Amino acid sequence: MLKLICGPSGSGKSYVLRERIRRDMEAGQRAFLIVPEQQVYFYEQELLPVLPGSAGRILKIVGFRRLAELVFRETGGLTETDPDEGLRTLFMWQNLRELSPLLSEYRPGDRPDQSLTALMLSVSDEMHAGGVSPAALEGAAGKLPEDDPLRTKLLDLSLITAAYDGLVTERFGGNSADRLFRLGRVLRTCPFFRGSRVYLDSFTDFTEGEYAVLGEMLRQAEHVTVTLDCMGLSDH
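If you're wondering where the values come from, they're calculated on a predicted model, not measured in any experiment.

A. Spatial organisation of the packing of helix α6 (residues 114-130) against helix α8 (residues 149-172). The contact between α6 and α8 brings their axes to 10 Å, and the two run at 80°. When the interaxial angle is binned, α6 and α8 end up roughly perpendicular. Between α6, through Met 120, Leu 121, Val 123, Ser 124, Met 127 and His 128, and α8, the contact on the second element is made entirely by Leu 157, Ile 160, Thr 161, Tyr 164 and Asp 165. Considering only residue class, the contact of α6 with α8 consists of 7 nonpolar, 3 polar and 1 charged.

Pasting the structure below:
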């Protein structure tokens, strides 16, 4: 069951959510609070001290990446870390340099510049967030006329992102977006959230990988409660 707590910014949505979590903790109810990765520490410091002592055992405050690690650890899956920004930049720079003879629209020359490297990292991130594979780009390019400039761009992007993904997978087993899609597949056969209540707070949107995980939460958990920043709406 999906429950929504709606209202404008500052209307008390997070307070209502925390009160529901507090009642769950008092009743000994297993629960998950999922928030953006950069806010996990804040929620732990603000929420745990005002909850019953048992909360540390039955409440998990995590982001989606940490959630994946929890599930994979329980199911025997891998728990790789992501490359940091410096390594990502180095991987893409190396990738562009090696692919240069094969590219047309995005040929970097002998030394790829910083702006092109940053652009291709951004493209890669957007593709993963949207669930768009290099093969999908290649397929779209194949439907365009030979002389269409967009065809050439799509083919370049397909080649660049496929090779970059190969580098990251070889060293780190894939990136966080890939792991969320894999997490969704694992949850189809693993009742990880059965008997639990799930709360999501402070999100402004979700990626395709996160939606895949949310679908499994809705199928398994007693209920999933999400706060939404909506003008003119009150708690539902």
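B. The environment of Gly 7, seen in detail. With respect to the helices, strands and loops of the structure, Gly 7 is situated in strand β1 (residues 2-7). Gly 7 sits in the buried class, given a relative accessible area of 1%. As a C-alpha pair, Gly 7 and Leu 87 span 80 residues in sequence and 40 Å in three-dimensional space.

C. Quick look at the nonpolar core. The biggest cluster of nonpolar side chains holds 25 residues, and the ones touching the most others in it are Phe 64, Leu 67, Leu 200 and Met 217. Mapped onto this core, the elements with two or more residues apiece are β2 (31-34), α4 (64-75), α9 (176-187), β4 (197-200), α10 (208-220) and β5 (223-229). Counting 20 residues, the second-largest nonpolar core is a separate cluster that includes Leu 116, Val 123, Met 127 and Phe 172.

What counts and what doesn't
- Residues numbered from 1 in each chain as written.
- Predicted model: local features only at pLDDT ≥ 70, side-chain atom pairs only at ≥ 80, totals over all residues.
- Heavy atoms only, no water.
- Axes fitted to C-alpha atoms, helices over the stretch in contact; angles between N-to-C directions.
- Helix = DSSP H or I, 4+ residues; strand = E, 2+ residues; numbered from the N terminus.
- Parallel < 35°, antiparallel > 145°, perpendicular 65-115°, else oblique.
- Contact = heavy atoms within 4.5 Å.
- Nonpolar A, V, L, I, M, F, W, Y, C, P; charged D, E, K, R; others polar.
- Buried < 20%, exposed > 50% of the residue type's maximum accessible area, 1.4 Å probe, protein only.
- Core = buried A, V, L, I, M, F, W, Y, C linked by side-chain atoms within 4.5 Å.

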